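Each chain, letter by letter, is given below.
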Amino acid sequence: MADTGELRLRLAGRVIVLDPDDRVLLFRYDDGPPNGRHWATPGGGLDDGETYAAGARRELAEETGWSDVPLAGEIYRSTRAFEDGGEMIRQHERFFLGRVDAARRALGDVTAMHASDRIAAWRWWTLAELDSTAEVIWPPGLADLIRSALG
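Quick look at the structure, then. Keep in mind that what you see is a predicted model, and the values were worked out from it rather than measured.

1. What about the packing of aromatic side chains?
The description of an aromatic ring pair uses the distance of the two centres, along with the angle that the planes make with each other.
Then step 1. Evaluated as defined, the whole model comprises four aromatic pairs.
Then step 2. Seen in terms of ring centroids, Y76 and F95 are 5.5 Å apart; in terms of plane orientation they differ by 55°. Their pairing is tilted. In this pair, Y76 is assigned in strand 5 (residues 71-84) and F95 in strand 6 (residues 87-99), connecting sequence segments 19 residues apart.
Then step 3. Just above the ring of F82 sits the side chain of R80; from NZ or CZ to the centre is 4.3 Å.
Then step 4. Seen from the ring of W125, R123 lies directly overhead, with NZ or CZ sitting 3.8 Å from the centre.

Structural data, given as structure tokens:
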């Protein structure tokens, strides 16, 4: 793989969505190599001129059908290399904390969007489940990141 500094840069906003019991919403992607099967927070690439927070809010609405989730401030930044559309890219991500009022809130009508974005499944995870899973979670260390944010 090429040095990540040589890869095209993509900017992304992501949301760590928590329910009242501090479960976190994750989406599963069943990608082939090199990404492989993994779970990730809602979010994605920014549109031209879009701020990280605005992009995170837009992506959350597109992927969940929810436009009523307030975002707290930015709590984490990460840069990672992965394959997107047949091209290896370097993605700089900023994560925001969001909270919903309903436990294990159901998604809106997003089936077609999930199919187009290759989202295979979704679920609410407890922090203990994140700690003990053998599944690949992006970003790594998500449970501890959430614990730190909740202070």
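2. Notes on the pairing of strand 2 (residues 24-30)
Then step 1. Across the seven residues of strand 2, six count as buried, placing the element largely inside the fold.
Then step 2. Of the strand pairs in this sheet, strand 2 and strand 7 (residues 119-125) are connected by six bridges, and their pairing is antiparallel. Following the sheet pairing, F27 is matched in strand 7 by W122.
Then step 3. By the bridge criterion, four bridges tie strand 2 to strand 3 (residues 37-40) in an arrangement that is antiparallel. Residue pairing in the sheet places D30 in a bridge with R37 of strand 3.

Calculation notes
Residues numbered from 1 in each chain as written. Predicted model: local features only at pLDDT ≥ 70, side-chain atom pairs only at ≥ 80, totals over all residues. Heavy atoms only, no water. Phe/Tyr/Trp six-rings, centres within 6.5 Å; stacked < 30°, edge-to-face > 60°. Helix = DSSP H or I, 4+ residues; strand = E, 2+ residues; numbered from the N terminus. Lys NZ or Arg CZ within 6 Å of the ring centre and 35° of its normal. Buried < 20%, exposed > 50% of the residue type's maximum accessible area, 1.4 Å probe, protein only. Pairing = 2+ DSSP bridges.

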